[in-house]
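Geometric and topological summary
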Amino acid sequence: MTPTERSPLKFESADATLPDLPDLRLLREALVDASRVDEAQVWGGGARLSTIDKRLTALDEVEQRISEIGDRVRRRTERVMVCVVAALRAMEEKDEASACRHLVAAGEAEESHNRLDEARAYYEKALEVGRRPRDRRGEALALRRLARVARSRGELDRALGLYRESREVADATRDVEGSVIGCLGAGHVLADQGRWDDARESYLRGIERIESEESAEFVHLCNGLSVVERRVGDFAASEEWLARGEAVAPAAADETAAAYLQHGRGKLYLAKGDPEAAQAVFRETLARPLDFAARIVTLLNLGEALRMAGRLPESEAASRRAEELAISQGDLPHLPHVYIELGELARHRGDRDGFVFFEQALDVLRERELPSLDVALAQRSYARFEARFGDREAAIARFRMAEEIYRRIGSMREAEEVALEVEQLEAGPSDINEDQDGKQ
Amino acid sequence: MGRKGGGVLLIGGGEDIVEALRAAAEPLDMRVAVTEGLAAGLRGIAEERPVVTLLSLDLPGADLDLAGRLAEEGDVGALVLLSSQVGPKLAMDAARAGAEDVIGTPVSAAILTEVLRAATARATSVPLPDDRELPEDGLIGGSAGLVDAFKTIGRVGPSAATVLVTGESGTGKELVAQAIHRISPRARKPFVAVNCAAIPEDLLESELFGHERGAFTGAVSRKIGRFERADSGTIFLDEIGDMSLVLQAKILRVLQEREIERLGGEERIAVDVRVVAATHRDLGALIENGDFREDLYYRLAVVKLHLPPLRERGTDVRDLTLFYAARFAREHERPITAVSVEALEVLARHAWPGNVRELRNVIERAVLLGTGDTLLAEHIDLEGRAGPAAPQPQAAALPGYSPEMSMAEVEALHMEQVLRRVKGHYGRAAEILGMHRNTVSRKAQEYGIELD
């Protein structure tokens, strides 16, 4: 090859060349965003298995974006500095409550760029400052922000403690809104842990406190309760909570809350074994003005519903649309879920090569340090995939990894479900027939 | 085939038939040509090249012999006979003569419309074969390039020779590899395929050769690699041109020594595997650039087999279209029984950069999304990309739709939308909705659908 000849790098090669440093996060996102499908492989036999790793980088385009990336970094740094100086000025005036809020704002600027460690540092300082004044609303806010970061990191017990503490502080200062949000946050964490009874109690506490039902918080509480009841199998109660939320959603005028309710309705149809009705709901949700994250989740739900209905080509199309959206928006945290869904599809199709999707999901989870809950989900789905093709030893190993994660983060119900799957697999026939490799 | 005229020709028949025919053809947008006598009628056939020819057997000189000769010549399109004395014998004799239908006169415009519609569909479409009678492997066609490939498969299949299959993406290289395996003495043993481009580089080695538990992070258990799984059988290494040089060296060693070693393992394991490799890349150029090992190339290319691109395979597009339409209609339980000539012409003109795989995907999409019993040109979407189904269009909710509606209400809403779109044309609406025209008319009345 002459020095001037170049072949575009695959994303996997580019990624492997870069050190794993937080400072390169935006550059990595730009590499993803500017990447494109390898046209030469579009009609190849491996096209069905394409993942982000196999996309080709467009370095010329990335190079053009360097100054834009630099501007984003500068704007974030400036924003943080402005907030910090504002906090210091507030301290000059002995206004610790304001200083606390400015430090929270600095943390939010970091969090919006997914710099969670940095965000946490600011929130901790905000909490320290916020504990001093008589106006403790800043303290409650800092506690909720710390809880949110902890939840993003998969530190669920810590997140729960922080949300509960924030609720207590809010109650003590008669901050009703803060108390309701604390109940909502705690409920979500308890739901993450599969502690459905406790989650229900937390959401209901929020309902008791809420002053107006025509609010986004009320809609979210109704959705949370609907999810709880659906997960414990009380579909009638789940339906009732959805209906209550839907009744006030228009007045609450919060598109995100309304979209979550529709999600909930679609998931309820899936739980009842009615994928056709679920599809209709998810398609209707897609017609709403959603942000890209909600759109990605809805597309994945639609893909799941289509898969359950046996409409596999359409399911794949929906998941691939979610993938394109996640890539074009640099939304890497949602990519593992896309690949898990494509892996499920491969399992349904009996496509042994579908293991690449699970490996890709785990890669992204590892590199982005995404929540352990998602890692557990990926390992569990991968385990079922391995079991489908008779790789019992690998399946059990992966189930056990998922179980260990669930136990570590306190999701005991999920852990027990996985333990049961392991039992069933171990008790299964010892002569599992391996999939005939002649067919794919 | 292919009716350039697109109209209906009437030979004989009185004023009442002419009037009924004009009324019948109007909703179908068909041009009507009327001739009085036989001689004029025969000239009309040559000039008009109609889609449908109505021949009145009451015309002096017109009989079943004539009808048979006209049907055989083929320029009449679909031949429909009119007679004032229709009976079972005439119907049977007419069918034997090659007529599509026999109608008793006098006849109403409504009946003629249905007859014209059905005859048009039959004249301008090709019926699907029973795909169960065709090769399951999908290696369909009679073009010179494909026949050469068949001959090579037949010659090399029974041997143990390593085969290198080349051709653009989507030409069917894996199908060829499977065919080679099926006619080899190893047919009852495993056929294991590996796509070397799709599997991440860091996983490909362990996929091929297996690994022991703990050999690397993520090696949660022992894994049997594809070479071992293919023992006594055939391994198909697809897209071998994409393999790294490091792995190429290991493949070469396996070909030379017939042994593999699992990652993290110490034992050398004998494998008896027949290798078929494939690539869309120009291996000669890769060798020149130092990206592919020449010694490996010579080991792989003991026999070379090239698959031509679909655009060079002439009438194979038609044969493949009919095959896949039949297969997908059966798999997806769709009532497709024919493909229109126009659709076949559209497909024949396409360049097919994705070759057979692209064609397959286009046909599957068309079968899934088409309505009625015939695949039409409007069902063919050549803009879609990889994947068996084009991304569904953003499904805006049907205006007025609500999940609280009953199925009847949804049907009524949809029917109204369709009728508005086709400006109240029941025939066109029936095609879109996949139901009989009379059903559309009845339901529209029941649902109280009124268009402005």
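Per chain, residue numbering runs from 1 following the sequence as it is written. The naming scheme follows written order: chains are lettered A onward, ligands numbered 1 onward. Totals for whole chains, interfaces and linings use every residue, but because this is a predicted model, local features are given only for residues with pLDDT of at least 70 and side-chain atom pairs only at 80 or more, for both listing and counting. With hydrogens and water excluded, all non-hydrogen atoms of the structure serve as input to the side-chain values.

**Points about the overall build of chain B**
On a plain count of helices and strands, chain B comes out with 18 helices and 15 strands. Per-residue burial over chain B gives 50% buried out of 452 residues. Considering only contacts in chain B between residues 6 or more positions apart, those separated by 24 or more positions represent 71%. Put simply, DSSP marks the helices as runs of H or I at least four residues long and the strands as runs of E at least two long, and each gets a number from the N terminus on. Exposed residues in this analysis have more than 50% of their type's maximum accessible area, buried residues have under 20%, and partly exposed residues fall in between, with area computed by a 1.4 Å probe over protein chains only. By the convention used here, residues are in contact when the closest approach between their heavy atoms is within 4.5 Å.

**A short note on the side chain of B:R313**
Residue and element names in this part refer to chain B. Along the chain, R313 falls in the loop between β13 (303–306) and α13 (316–331). According to the relative accessible area criterion, R313 is buried, its value standing at 4%. For R313, the residues in contact, after removing those within four places along its chain, are I140, S143, L146, T171, P308, L320 and V356.

**Examining the sheet that holds strand β6 (residues 125–127) of chain B**
All names here are of chain B. Two strands qualify as a pair provided DSSP detects at least 2 bridges between them. Pairing is mixed across the open sheet formed by three strands, whose spatial order is β6-β14-β15. Every interior strand has two partners, whereas the edge strands, β6 and β15 (374–375), have only one. Looking at chain direction, β6 and strand β14 (residues 338–340) are connected through three bridges and run antiparallel. Note on β14: the bridge partner recorded for S125 is S340. Against the sheet, helix α14 (residues 341–349) contacts β6, β14 and β15, and its axis sits at roughly 70 degrees relative to β14. Axis lines are fitted to C-alpha atoms, over the contacting stretch for helices. Their N-to-C directions set the angle, which ranges from 0 to 180 degrees.

**Structural notes on helix α5 (residues 116–130) of chain A**
By definition here, a helix of n residues has an expected span of 1.5 Å times n minus one. Between the first and last C-alpha of α5(A) there are 20 Å, a value that for 15 residues agrees with the 21 Å anticipated at 1.5 Å per step. On the buried face of α5(A), the contacting elements are α3 (59–92), α4 (96–111), α6 (137–152) and α7 (156–172) of chain A.

**Observations regarding a negative patch on the surface**
Residue and element names in this part refer to chain B. Patch building starts from residues that exceed 30% relative accessible area and form no salt bridge, then joins like charges within 9 Å and nonpolar side chains (Val, Leu, Ile, Met, Phe, Trp, Tyr) within 5 Å. Computed with a 1.4 Å probe, the accessible areas rest on the Shrake-Rupley method; for each residue, only the protein chains presented here act as cover. By convention in these notes, a salt bridge is any Lys or Arg side-chain nitrogen within 4 Å of a carboxyl oxygen on Asp or Glu. Positive charges are assigned to Lys and Arg, negative charges to Asp and Glu, while His and the chain termini are left out of the count. Charge placement uses NZ in Lys and CZ in Arg. For Asp and Glu, CG and CD serve respectively. On the surface, a cluster of negative charge is contributed by E15, D16, E19 and E36. Relative to the helices and strands, E15 is located in helix α1 (residues 15–25). The exposure class of E15 is exposed, given its relative accessible area of 62%.

**Some words on the packing of aromatic side chains**
Residues and elements named next belong to chain A. Pairing of aromatic side chains requires ring centres within 6.5 Å, counting the rings of Phe and Tyr and the six-membered ring of Trp. Pairs whose planes differ by under 30 degrees are stacked, by over 60 edge-to-face, and all others tilted. All told, the structure shown has nine aromatic pairs over all chains when counted by the stated rule. Between the aromatic rings of Y339 and F357, the centroid separation amounts to 6.3 Å while the plane-to-plane angle is 15 degrees, which identifies the pairing as stacked. Of the two residues, Y339 sits in helix α16 (residues 335–349) while F357 sits in helix α17 (residues 355–368), which places them 18 residues apart along the sequence. By relative accessible area, which is 0% here, Y339 ends up buried. The exposure class assigned to F357 is buried, which follows from its relative accessible area of 3%.

**Topic: unusual backbone geometry**
Residues and elements named next belong to chain B. The linkage connecting T105 with the following residue, P106, adopts the cis geometry, with an omega of 0 degrees. Within the secondary structure, P106 sits in the loop between β5 (101–104) and α5 (109–123). Positive phi, close to 45 degrees, is recorded for R49, a residue that is not glycine. Take R49: it is sitting in the loop between α2 (38–48) and β3 (52–56).

**Points about the nonpolar core**
In these notes, a set of buried Ala, Val, Leu, Ile, Met, Phe, Trp, Tyr and Cys residues joined through side-chain atoms within 4.5 Å is what counts as a nonpolar core. Among the nonpolar cores identified, the biggest contains 86 residues, and A:Y339, B:L208, B:F227, B:L237 and B:I251 are the most heavily contacted of them. Tallying contributions element by element places α17(A) first for this core, with eight residues. If near-sequence neighbours (up to four positions away) are discounted, A:Y339 is found in contact with A:S50, A:T51, A:I52, A:E323, A:I327, A:F357, A:Q360 and A:A361. A:V104, A:V129, A:L146 and A:V189 belong to the second-largest nonpolar core, a separate cluster that totals 53 residues.

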